[in-house]
Structures are given as C-alpha cells and as structure tokens.
Amino acid sequence: MANFFNEWGPTLLDGLAATIQMTVISLLISIILGVPLAILLVLTRKGGYANSPVAYAISNAAINVIRSIPFIILLFFLLPFTKVVAGTTIGVQGVIVPLVVYCAPYIARLIESALLEVDKGVVEAYQSMGISTWKIIWFVMVRESRSSIVLGLTIATIGLIGATAMAGFVGAGGLGDLAYQFGYLRFQPNMMYATLILLIVIVQIIQSLGSLIARRLKKN
C-alpha cells in the first residue's frame, strides 16, 4: 500500500484536482445559466405570471433535446463550438463548454420542479398584497423551495462528476481519465480501484452535505 501511494500518489492528487476543478467551474456556470432558465419556464408556462406558449415551447423543447443526448456524444458534437469558445478542445479548459451545455438544462429542470412545488396558496397570498412578480419568485418561491433546490443541485453535482469521468476521452484529465488510461489501457487494476474509491468517497461526501444542508433549511 505504501509503495503504491509513493508511486501513484502525486498522479492521483493531480487527477483529483482536475476533477474538482472541472466540477466546480462547470457547476457555477451551469447554475448561473440554469436558474434564469428555470424562472423563464415557470413564468411562461400555462397559467404562469407571464404566460407565453411560444417562449415556453422553445425553451422547453431546447432543454428536452439537450437532455436526450448522451454526454459522450454531446462532447464530440460540440468540439467545433468548444474550439471557438474556449480556444482549445483538450484539458480542463476544453471540456468546460460541453459540461455546461450538458448540466445547465438539467439544473434548470430540477429548479423548475422545485419552484413548482411551492404551495400556490402562499404565492396567491403575496400576490394579493400587490408584491411584484420578481419579488415573489426570489423572496417567496425560491425561499420556500430552497431545500428542494439544494437536493436538486446535489443530484446535478453528482451527475456532473460522472460526466467529468468521460471527459478523459478528449484529454481533459481527472480521475476518469486515470482509470481509463492506467486501469483499462495499461491493465493496472490498482489504479482502477484507487480512482473508483476516490470517486465513491467524493460522491458520498457531496450527498451527505447536500442532505444535511437541505434538512437544516427545511427546519428554518
């Protein structure tokens, strides 16, 4: 065991750092894009505050189309677009664009579902007091659904980690790339097991933290 960590420890740490970097950057950008998209869906849906069948149909269809494409296919399909936006298609920088395209619609759908769970009676009570739509969304619906939003973001983060494992096919690095390059191509099962254990630990930590935060928010 000691010999293994002496030999592969730095490599595993580099892979872990790359996975965390890809996940954090992609998640933050996806939240920035996904939250407004979720609000747009809530506002423009039938019976919404700004009922617009055309806007809802377009945004809803776009989300469904992107979510129906497996990430590995989306990764290669977006290579020309990624090259234009990021200036490269390899490394961490080269995989951020497809990760965001993959994750942002997923987050939008999760947050949309969370917002729609808010009791309509609560929303109507604030509407009767003449409070503006944007204040109702941000200070009522988001506040009331924050526990569900946290759980949704937890699910999205775990899914994003899974997507980063496939990013190794374009040389993005990370734990998934280590498992593929060393564990599969070079027949070194110890590396496969090590990366697998690290990924399991990361997912367990994220799920536990997400569930803990959601429970505390639900009590407040």
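The coordinates are above.
Reading the values: the criteria
Residue positions within a chain follow its written sequence, with the count starting from 1. Per-residue local features are limited, in this predicted model, to residues with pLDDT of at least 70; the limit for side-chain atom pairs, both in listing and counting, is 80 or more; totals at the level of whole chains, interfaces and linings are taken over all residues. To obtain the side-chain values, all non-hydrogen atoms of the structure were used and water was disregarded. Put simply, DSSP marks the helices as runs of H or I at least four residues long and the strands as runs of E at least two long, and each gets a number from the N terminus on. Relative accessible area decides the class of each residue, using a 1.4 Å probe on protein chains only: under 20% of the type maximum gives buried, over 50% gives exposed, and in between gives partly exposed. Should any heavy atoms of two residues lie within 4.5 Å, those residues are counted as being in contact. Here the open area of atoms and residues is found with the Shrake-Rupley method and a 1.4 Å probe, where only the protein chains shown may cover a residue. Neither His nor the chain ends contribute to the count of charged residues, in which Lys and Arg are positive and Asp and Glu negative. By convention, the charge on Lys lies at NZ, on Arg at CZ, on Asp at CG and on Glu at CD. Whenever Lys or Arg places a side-chain nitrogen within 4 Å of a carboxyl oxygen from Asp or Glu, that contact is recorded as a salt bridge. One less than the residue count of a helix, multiplied by 1.5 Å, gives the span that helix is expected to have. Think of it as the arc spanned by the lines of direction from the helix axis to the C-beta atoms. Definition used in this section: a nonpolar core is a set of buried Ala, Val, Leu, Ile, Met, Phe, Trp, Tyr and Cys residues joined via side-chain atoms within 4.5 Å. Axis lines are fitted through C-alpha atoms, for helices just across the contact stretch, and the angle between N-to-C directions can take any value from 0 to 180 degrees. In this scheme, roughly parallel covers angles under 35 degrees and roughly antiparallel covers those over 145, while 65 to 115 is roughly perpendicular and the rest are oblique. In a left-handed crossing the near helix is turned counterclockwise from the far helix by less than a right angle, and in a right-handed crossing that turn is clockwise. Residue type decides the class: Asp, Glu, Lys and Arg count as charged, Ala, Val, Leu, Ile, Met, Phe, Trp, Tyr, Cys and Pro as nonpolar, and the leftover types, Gly among them, as polar. We define a polar contact as two N or O atoms separated by no more than 3.5 Å, with the added condition that, inside protein, one atom must be a possible hydrogen donor and the other a possible acceptor, whereas residues neighbouring each other in sequence contribute only through side-chain atom pairs. Put simply, two rings from Phe, Tyr or Trp (the six-membered ring, in Trp's case) pair if the centres are within 6.5 Å, and we call them stacked under 30 degrees between planes, edge-to-face over 60, tilted for the rest.

With that settled, consider the overall build of the protein chain. Scanning the protein chain from terminus to terminus reveals 10 helices and 0 strands. Viewed in the frame of its principal axes, the protein chain has a C-alpha envelope of about 70 × 40 × 25 Å. Taken across its 220 residues, the protein chain has 41% of its residues classed as buried. Pairs at least 24 residues apart make up 75% of the contacts formed inside the protein chain by residues separated by at least 6 positions. Looking at the protein chain as shown, the accessible area adds up to about 12,100 Å², and 67% of this sits on carbon and sulfur atoms. For the protein chain, the separation between the mean place of its 14 positive charges and that of its 8 negative charges on side chains is 6 Å.

Let's shift gears to the pattern of salt bridges. Applying the stated criterion to the full structure yields 2 salt bridges. Linking Glu112 and Arg45 is a salt bridge whose minimum nitrogen-to-oxygen distance equals 2.8 Å. In this pair, Glu112 sits in helix H5 (residues 91-116) while Arg45 sits in the loop between helix H1 (2-44) and helix H2 (53-67), placing the two residues 67 residues apart along the sequence. One salt-bridge network, in which partners are shared between bridges, spans Arg45, Arg109 and Glu112.

Look at H2: 21 Å from first C-alpha to last across 15 residues, which is about the 21 Å you get at 1.5 Å a residue. Listed in full, the buried residues belonging to H2 are Tyr56, Ser59, Asn60 and Ile63. In a view along the axis of H2, the buried residues occupy a sector of 100°, so they form one face of it. Along H2, exposed side chains directed more than 90 degrees from the buried face belong to Pro53, Val54 and Ile58.

Let us look at the nonpolar core. Grouped together as the largest cluster of nonpolar side chains are 37 residues, with contacts concentrated most on Met22, Val95, Leu99, Ile111, Leu115 and Met141. Contributing elements (two or more residues each) for this core: H1, H2, helix H3 (71-77), H5, helix H7 (133-144) and helix H8 (146-166). The residues touching Leu99, leaving out its near neighbours within four places in the chain, are Met22, Ser26, Ser30, Phe71, Leu160, Ala163 and Thr164. Within the second largest apolar cluster, 10 residues are counted, among which are Leu12, Met191, Ala194 and Leu199.

In contact at an axis separation of 9 Å, H5 and H8 are set at 160° when each is read in the N-to-C sense. Accordingly, the angle class assigned to the pair H5 and H8 is roughly antiparallel. In terms of crossing hand, the pair formed by H5 and H8 is right-handed. Side by side, H5 and H8 meet where Leu99, Tyr102, Cys103, Tyr106, Ile107, Leu110, Ile111, Ala114 and Leu115 of the first sit next to Ser148, Ile149, Gly152, Leu153, Ile155, Ala156, Gly159, Leu160, Ala163 and Thr164 of the second. Broken down by class, the residue content of the contact of H5 with H8 amounts to 15 nonpolar, 4 polar and no charged.

Further remarks concern the side chain of Arg109. Tracing the chain through its elements places Arg109 in helix H5. Residue classification places Arg109 among the buried positions, given a relative accessible area of 13%. Polar side-chain contacts of Arg109 include one of 2.8 Å to the side chain of Asn60.

Before going further, it helps to examine the packing of aromatic side chains. Per the stated rule, a full pass over the model turns up 1 aromatic pair. Relative to Tyr102, the ring of Phe71 lies with its centre 5.1 Å away and its plane at 65°, an arrangement referred to as edge-to-face. Residue Phe71 is found in helix H3, and its partner Tyr102 is found in helix H5; the two are separated by 31 residues along the sequence. The exposure class assigned to Phe71 is buried, which follows from its relative accessible area of 3%.

Turning next to the environment of Leu40. Position of Leu40 among the secondary structure elements: in helix H1. Residue classification places Leu40 among the partly exposed residues on the basis of a relative accessible area of 34%. Residues Leu40 and Leu178, 138 residues apart in the sequence, show an inter-C-alpha distance of 40 Å.

Bringing H8 into the picture now. Side chains three or four residues apart in an α-helix point the same way, a direct result of the helix having 3.6 residues per turn. Given a rise of 1.5 Å per residue, 21 residues ought to cover 30 Å, and the 30 Å separating the end C-alpha atoms of H8 matches this to within 8%. Those residues of H8 lying buried are Ser147, Ile149, Val150, Gly152, Thr154, Ala156, Thr157, Leu160, Ile161, Ala163 and Thr164.

With that settled, consider the side chain of Ser59. With respect to the secondary-structure elements, Ser59 resides in helix H2. A polar side-chain atom of Ser59 sits 3.2 Å from the main-chain carbonyl oxygen of Tyr56. Beyond its immediate stretch of four places on either side in the chain, Ser59 contacts Leu37, Leu40 and Leu41.

Bear in mind that shape data such as this cannot, by itself, settle questions of function.
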